Structures are given as structure tokens and as C-alpha cells.
Amino acid sequence: MVQAEEEFLIFCRAIRELPLQCRRAFLLRKVYDLSQREVARQLGISESTVEKHIAKGLVACSAYMTARGYERAGPMSGQANERSRGH
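Residues numbered from 1 in each chain as written. Predicted model: local features only at pLDDT ≥ 70, side-chain atom pairs only at ≥ 80, totals over all residues. Heavy atoms only, no water.

A few words now on the overall build of the chain. A count of helical and extended segments in the chain gives four helices and zero strands. Reading the chain from its N terminus to its C terminus gives the helix and strand order α-α-α-α. The buried share of the chain, taken over its 87 residues, is 26%. For the chain, the share of sequence-separated contacts (at least 6 apart) that also reach a separation of at least 24 residues comes to 52%. Surface summary for the chain: the accessible area is close to 5900 Å², and the carbon and sulfur share equals 51%. (Helix = DSSP H or I, 4+ residues; strand = E, 2+ residues; numbered from the N terminus. Buried < 20%, exposed > 50% of the residue type's maximum accessible area, 1.4 Å probe, protein only. Contact = heavy atoms within 4.5 Å. Areas by Shrake-Rupley, 256 points an atom, 1.4 Å probe, with all protein chains shown as cover.)

Rendered as C-alpha cells:
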């Protein structure tokens, strides 16, 4: 449980490192579970731009976590890396 909390805190730090508009799109989509269309409407940007922000956020958060010794993209990824499970 402590490790999961620590990992979540590191993931939150990774999100804070994202550029503001990218962070907003990422949080609205991944945390608040809004559709790309809803995020685009709320932020006043195109759906394509939302998609690019989400992709950029996932890559950046994954790199941040990996640099700190985590094999997964973070608690929001939903998928563990096969190496981290020993397969």
C-alpha cells in the first residue's frame, strides 16, 4: 500500500511537470473521464489537439516514471509492463 501511494505521488508530480494546456487536457480526459469532444469544447481547442496533448502527456509521464525506477506509466495506465511482472 505504501508503495502504491508513493507511486501515485510520483505520478502526480509527473502530471505537474506537463505544460499547462497539456496538463488540463490530460486531467480532464484521464481523471475526469470526459470524452475528447468534451475536453475540446471545454478548453476551446480541436479534438485533434486534445489527442496530441493526451499522447504527449502519456509519453512524458511514462518517461518521468521510468526515470524514477517505475516500469509502468503510472497508476492511470491500467497496464503493467510485462517485465515488471516477470513474464
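Turning next to the packing of helix α2 (residues 20-30) against helix α3 (residues 36-43). Between α2 and α3, the shortest axis-to-axis distance is 9 Å and the interhelical angle comes to 140°. Classified by the angle their axes make, α2 and α3 are oblique. Of the two elements, α2 crosses α3, and the hand of that crossing is right-handed. Residues Gln21, Arg24, Ala25, Leu28 and Arg29 of α2 touch α3, and the partners they reach there are Gln36, Val39, Gln42 and Leu43. (Axes fitted to C-alpha atoms, helices over the stretch in contact; angles between N-to-C directions. Parallel < 35°, antiparallel > 145°, perpendicular 65-115°, else oblique. Left-handed = near helix turned anticlockwise from the far one by under 90°.)

Moving on to the nonpolar core. Within the largest apolar cluster, 19 residues are counted, with the highest numbers of intra-cluster contacts made by Phe11, Ile15, Leu18, Phe26, Val39 and Cys61. At five residues, the largest contribution of residues to this core is made by helix α4 (residues 47-67). (Core = buried A, V, L, I, M, F, W, Y, C linked by side-chain atoms within 4.5 Å.)

To continue, consider helix α1 (residues 2-16). Working note: α-helix, 3.6 residues per turn, so residues spaced by three or four point in the same direction. Helix length check: α1, at 15 residues, gives a terminal C-alpha distance of 21 Å against a target of 21 Å (1.5 Å per residue), a fit within 8%. Listed as buried for α1 are Glu7, Ile10, Phe11, Ala14 and Ile15. Buried residues of α1, seen end-on, are gathered within an arc of 145° and therefore sit on one face of the element. Projecting away from the buried face of α1 at angles above 90 degrees are the exposed residues Val2 and Arg16. For α1, the secondary structure elements touched by its buried residues are α2 and α4. (Expected span 1.5 Å × (residues − 1). Arc of directions from axis to C-beta.)

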